Amino acid sequence: MSTTARVLLGLFLGAIIGLLLAWWDVTAATRVADFVQPIGRLWLNALQMTVVPLVAALVVIGVNTATDAAASGRTARKAIITFVIILSVCAAFAAIVAPLLFSLVPRQEGLAESLRAATAGTAQLSLPNSLADWFAGVIPSNAIAAAAQSAMLPLVVFALFFGFALTRIETGRRERLLELVQSIADVMVVIVRWVLWAAPVGVFALVLAVCARVGHGMIGAFGWYIAILSAMYLCATALMYPIAVLAGGERVRRFAAAIVPAQAVAASTQSSLASLPAMIESSRVRLGHPLSVTSLVLPMAVSLFRITSPMQYIGVASFVAWAYGVDLSAAQLAAGAALAVVISMGSVGLPGQVSFMATNMPVTQAMGLPVEPLGLLLALDTIPDVFATLGNVTGDLTATAVVAKGQSEPESQIAADAQA
């Protein structure tokens, strides 16, 4: 049985047992929740312990990967700029839409208190006292202290400075240090995989404790989370069509028909990498993009570009804010959106379950929200993932269309294609 299937099994069993206990005897349900809570908390702590080194390493690697790609030529630089702009548009869209959609959902009384009790018992909000206090804390006065306190936004800012400065030192020393940073990231990923092996038990304990205390209201909250996230992913997919027409010069009917085969592979495999051959065929054969653009931009997009990632990070944080009854300010949403773009470009190469905590925790924590509910949401992430992959593949082909605009096929390549 795959890890995804095992995690979903733990989720369903925990929910069913927790709901039955809450229906049968509230006192017994509370006692069982108190008993299993430490098991879930232990698993959640094991996940969180890898986040700080993994996030710092991913940001440094992402900055240097993007810098190397941009230095390889004009087409690559245009692709990087296109990626950043489209990711920023999606992040801004999510920052506006996600809190609005969750605000329309009725919230059960006592949900926040039950979540605190079930996931940690001591989850505290860390909202900034003022905009000035928040802004002053963006750049850390002590990077080591920021890491020790899991202060994600200052840590990411330091990692950005470190990553850009690393591009300025002598090539040999830079490569040796990057190899060390990559090794740290690889070791953290191995540890995360070990922890995910026990995910069914951890998820079972967390969901049982929450459902035993909240009852059917938690199932409703989970359902709204899945529905809203899936709807946002579909909106991101739809948003790519006008971008392809306006910025890429494509005709909407031709573009939509040409990318259907790649979208079908994406929906069936839930993997952008597995969809790459179909994307190349759609771009090269059906849309007629130059080989020099297709062969460069699409592999870069698979490595650096996921339009739904910022939407997931903002959507997760908005769900946590809604569950705890927190109204997010414009400054918090702007900070979360900016951080989501940076995090998304550094973590594309990681599998979804491995990267979930490392990518969502920095954004949620930077917005001043508790991170403990993320362990519950990790199990739910597998359900809307099909829509996420669909959006990512559509975004990859849209970015390729934007970069290809105004570029023609060399005559030598046209002759070679004709002979083939």
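Anything mentioned here points back to the structure above.
In what follows, the accompanying structure is described. If you're wondering where the values come from, they're calculated on a predicted model, not measured in any experiment.

### Considerations on the overall build of the chain
Helix and strand counts for the chain come out as 20 helices and zero strands. In the chain, which comprises 420 residues, the proportion classed as buried is 53%. Entry remark: accessible area of the chain is about 18,100 Å², with carbon and sulfur atoms responsible for 66%.

### Brief notes about the packing of aromatic side chains
Counted by the stated rule, this structure contains seven aromatic pairs. For the pair Phe83 and Phe305, a centre-to-centre distance of 4.6 Å together with 15° between the ring planes defines the contact as stacked. Of the two residues, Phe83 sits in helix H4 (residues 74-103) while Phe305 sits in the loop between helix H14 (291-304) and helix H15 (308-323), which places them 222 residues apart along the sequence.

### Regarding the pattern of salt bridges
A full pass over the atoms with the stated rule returns one salt bridge. Residue Glu250 is joined to Arg254 by a salt bridge in which the shortest nitrogen-to-oxygen separation is 3.2 Å. Take Glu250: its relative accessible area is 9%, and that puts it in the buried class. Arg254 sits in the partly exposed class, given a relative accessible area of 32%.

### Concerning H4
Over its 30 residues, H4 extends 44 Å from the first C-alpha to the last, a length consistent with the 44 Å expected when each residue adds 1.5 Å. Taking the largest bend as the criterion, H4 deviates by roughly 25°, centred on Ala94.

### Some points on the environment of Ala317
In this fold, Ala317 is placed in helix H15. Judged by its relative accessible area of 0%, Ala317 falls in the buried class. The spacing of Ala317 and Pro370 is 53 residues in sequence and 9.1 Å in space, taken between C-alpha atoms.

### Concerning the nonpolar core
Grouped together as the largest cluster of nonpolar side chains are 117 residues, with contacts concentrated most on Phe83, Met218 and Tyr225. Residue contacts for Tyr225: discarding those within four places in its chain leaves Phe102, Val316, Phe319, Phe356, Leu377 and Leu380. One finds Ala244, Ala266, Ala278 and Val393 within the second-largest nonpolar core, a separate group that totals 15 residues.

Rules used in this analysis
- Residues numbered from 1 in each chain as written.
- Predicted model: local features only at pLDDT ≥ 70, side-chain atom pairs only at ≥ 80, totals over all residues.
- Heavy atoms only, no water.
- Helix = DSSP H or I, 4+ residues; strand = E, 2+ residues; numbered from the N terminus.
- Buried < 20%, exposed > 50% of the residue type's maximum accessible area, 1.4 Å probe, protein only.
- Areas by Shrake-Rupley, 256 points an atom, 1.4 Å probe, with all protein chains shown as cover.
- Phe/Tyr/Trp six-rings, centres within 6.5 Å; stacked < 30°, edge-to-face > 60°.
- Salt bridge = Lys/Arg side-chain N within 4 Å of Asp/Glu carboxyl O.
- Expected span 1.5 Å × (residues − 1).
- Bend = angle between axes of the 7 residues up to and from the residue.
- Core = buried A, V, L, I, M, F, W, Y, C linked by side-chain atoms within 4.5 Å.
- Contact = heavy atoms within 4.5 Å.

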